[in-house]
Amino acid sequence: TGSANYMLNCGLGIIFMPLASILLFWKAGELQELLAVPFLQKYMPLLAVGAVCMIATMNDITSPSVSLEGKNLWLVQSFPIAAKQVLAAKLKLHLLLTVIPAIPLVIAVEWLIKPDLVFAVMIPIAVLLFIVLMASFGLFINLKIPNLNWTSEIVPIKQSMSVIIALFGGWVIIMAFAGLYFLLDGILSPLIYLTLICGLLLVINAVLIRWLFTRGAKTFSML
């Protein structure tokens, strides 16, 4: 809350996810008629996951978080705590401010589409794994290409390469998964595909988080 620019540019999802959930409840009747197309019923759980994840990408809290330390980075590095604890705090902030507002949106989406029980469980799992991916990927990119020599905080928030890569990278990942299912439609059912995607996200998250708490922590200490 100490930076209005940070809040406005990197935390819009905190506002838009609850607003989207309210809109879904408010316009539920009209939307249910619109979505009652037989062709769409098969893909509805996948579309729901994609829609929630797309809005979740509006939170890119970790991607400028290292750069925002700027010339005061030495203060954080001098604290009597391990570097991985600093990185963990940045990850937790992103997760806290993204997962909590995503909960009512997932509830609203599931109330709207009324998925089977197994999809009702898989949808929030997939969304959670994607949010973890965006948090860890954003921090990974910012450690790789930090900008600590700025004179205005708007530079690392809006003009840094790490923010651009993290934001558009999230969109690319969602579209890539959608395109992949389009190619595999008829071979894999939506449930099997969503299960495989969750498994893939789990592996990628484990690799990224392990890197952050090992080599990433060393990188942070040497910036």
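As the structure is a prediction and not an experimental result, all values here were calculated from the model. (Residues numbered from 1 in each chain as written. Predicted model: local features only at pLDDT ≥ 70, side-chain atom pairs only at ≥ 80, totals over all residues. Heavy atoms only, no water.)

Turning our attention to the overall build of the protein chain. Per the secondary structure count, the protein chain includes 11 helices and 0 strands. Based on the C-alpha atoms only, the size of the protein chain along its principal axes is roughly 60 × 35 × 25 Å. Counting across all 223 residues of the protein chain, residues that qualify as buried make up 43%. Within the protein chain, contacts between residues at least 6 apart in sequence are counted, and of these 86% link residues at least 24 apart. Summed over all atoms, the accessible surface of the protein chain reaches about 11900 Å², with 74% contributed by carbon and sulfur. Charge-centre separation for the protein chain: the mean point of 12 positive side chains lies 17 Å from the mean point of 8 negative side chains. (Helix = DSSP H or I, 4+ residues; strand = E, 2+ residues; numbered from the N terminus. Buried < 20%, exposed > 50% of the residue type's maximum accessible area, 1.4 Å probe, protein only. Contact = heavy atoms within 4.5 Å. Areas by Shrake-Rupley, 256 points an atom, 1.4 Å probe, with all protein chains shown as cover. Lys, Arg positive; Asp, Glu negative; His and termini not counted. Charge placed at Lys NZ, Arg CZ, Asp CG, Glu CD.)

Our focus in this paragraph is the side chain of T98. Among the structural elements, T98 can be located in helix α7 (residues 83–113). In this view, T98 contacts M17, A56, N59 and I131; residues no more than four positions away in its chain are not counted.

Taken together, the side chains of I14, I15, F16, L19, I22, L93, L96, L97 and I100 define a hydrophobic patch exposed on the protein surface, amounting to about 790 Å² of accessible area. Among the secondary structure elements, those contributing two or more residues to the nonpolar patch are α2 (12–26) and α7. By the secondary structure assignment, L93 is in helix α7. The class of L93 is partly exposed, set by a relative accessible area of 38%. (Patch = residues over 30% accessible without salt bridge, like charges linked within 9 Å, V, L, I, M, F, W, Y side chains within 5 Å. Salt bridge = Lys/Arg side-chain N within 4 Å of Asp/Glu carboxyl O.)

This part takes up α2. An ideal rise of 1.5 Å per residue puts 21 Å on 15 residues; α2 measures up with 21 Å between its terminal C-alpha atoms. By the burial criterion, the buried members of α2 are G13, M17, A20, S21 and L24. One side of α2 carries all its buried residues, which in axial view fall inside an arc of 100°. Exposed residues on α2 whose side chains face more than 90 degrees from its buried face are I22 and W26. Residues of α2 that are buried in the fold lie against α3 (28–35), α5 (44–56) and α7. (Expected span 1.5 Å × (residues − 1). Arc of directions from axis to C-beta.)

Burial of nonpolar side chains together is a common tendency in soluble globular proteins. Grouped together as the largest cluster of nonpolar side chains are 56 residues, with contacts concentrated most on L143 and F220. Breaking this core down by element, the ones donating at least two residues are α2, α5, α6 (73–77), α7, α8 (117–144), α10 (161–184) and α11 (190–222). Per-element accounting of this core gives the leading share, 16 residues, to α8. Excluding anything up to four places from it in sequence, F220 contacts V66, L73, V76, Q77, A83, V86, L87 and L143. Counting 5 residues, the second largest nonpolar core, distinct from the first, contains Y6, I61, L68 and I157. (Core = buried A, V, L, I, M, F, W, Y, C linked by side-chain atoms within 4.5 Å.)

Okay, the packing of aromatic side chains next. What characterises a pair of aromatic rings is the spacing of the ring centres plus the angle enclosed by the ring planes. Enumeration over the complete set of coordinates arrives at 5 aromatic pairs. When the centroid spacing of 5.1 Å and the interplanar angle of 50° are considered together, the rings of F25 and W111 count as tilted. Taken together, the positions of F25 in helix α2 and W111 in helix α7 put the pair 86 residues apart, joining distant regions of the chain. Consider the rings of F168 and W171, whose centres lie 4.9 Å apart with planes at 80°: the pair is edge-to-face. Taken together, the residues span about one helical turn, with F168 and W171 both in helix α10 at a distance of 3 residues. Through a chain of ring-to-ring contacts, three or more aromatic side chains come together here, namely Y43, Y181 and Y193. The positively charged end of K27 is found above the aromatic ring belonging to W26, 4.4 Å away from the centroid. Sitting above the plane of the W111 ring, K114 keeps its charged end 4.9 Å from the centroid. (Phe/Tyr/Trp six-rings, centres within 6.5 Å; stacked < 30°, edge-to-face > 60°. Lys NZ or Arg CZ within 6 Å of the ring centre and 35° of its normal.)

In this section: the packing of α2 against α7. α7 packs onto α2 with a crossing angle of 15° between their chain directions and a minimal axis gap of 8 Å. One finds that α2 runs roughly parallel with respect to α7. Here the hand of the crossing between α2 and α7 comes out left-handed. Where α2 abuts α7, its residues G13, I14, M17, P18, A20, S21, L24 and F25 lie against L97, T98, P101, A102, P104, L105, I107, A108, V109, W111 and L112. Residues of the contact of α2 with α7, tallied by class, amount to 16 nonpolar, 3 polar and no charged. (Axes fitted to C-alpha atoms, helices over the stretch in contact; angles between N-to-C directions. Parallel < 35°, antiparallel > 145°, perpendicular 65-115°, else oblique. Left-handed = near helix turned anticlockwise from the far one by under 90°. Nonpolar A, V, L, I, M, F, W, Y, C, P; charged D, E, K, R; others polar.)

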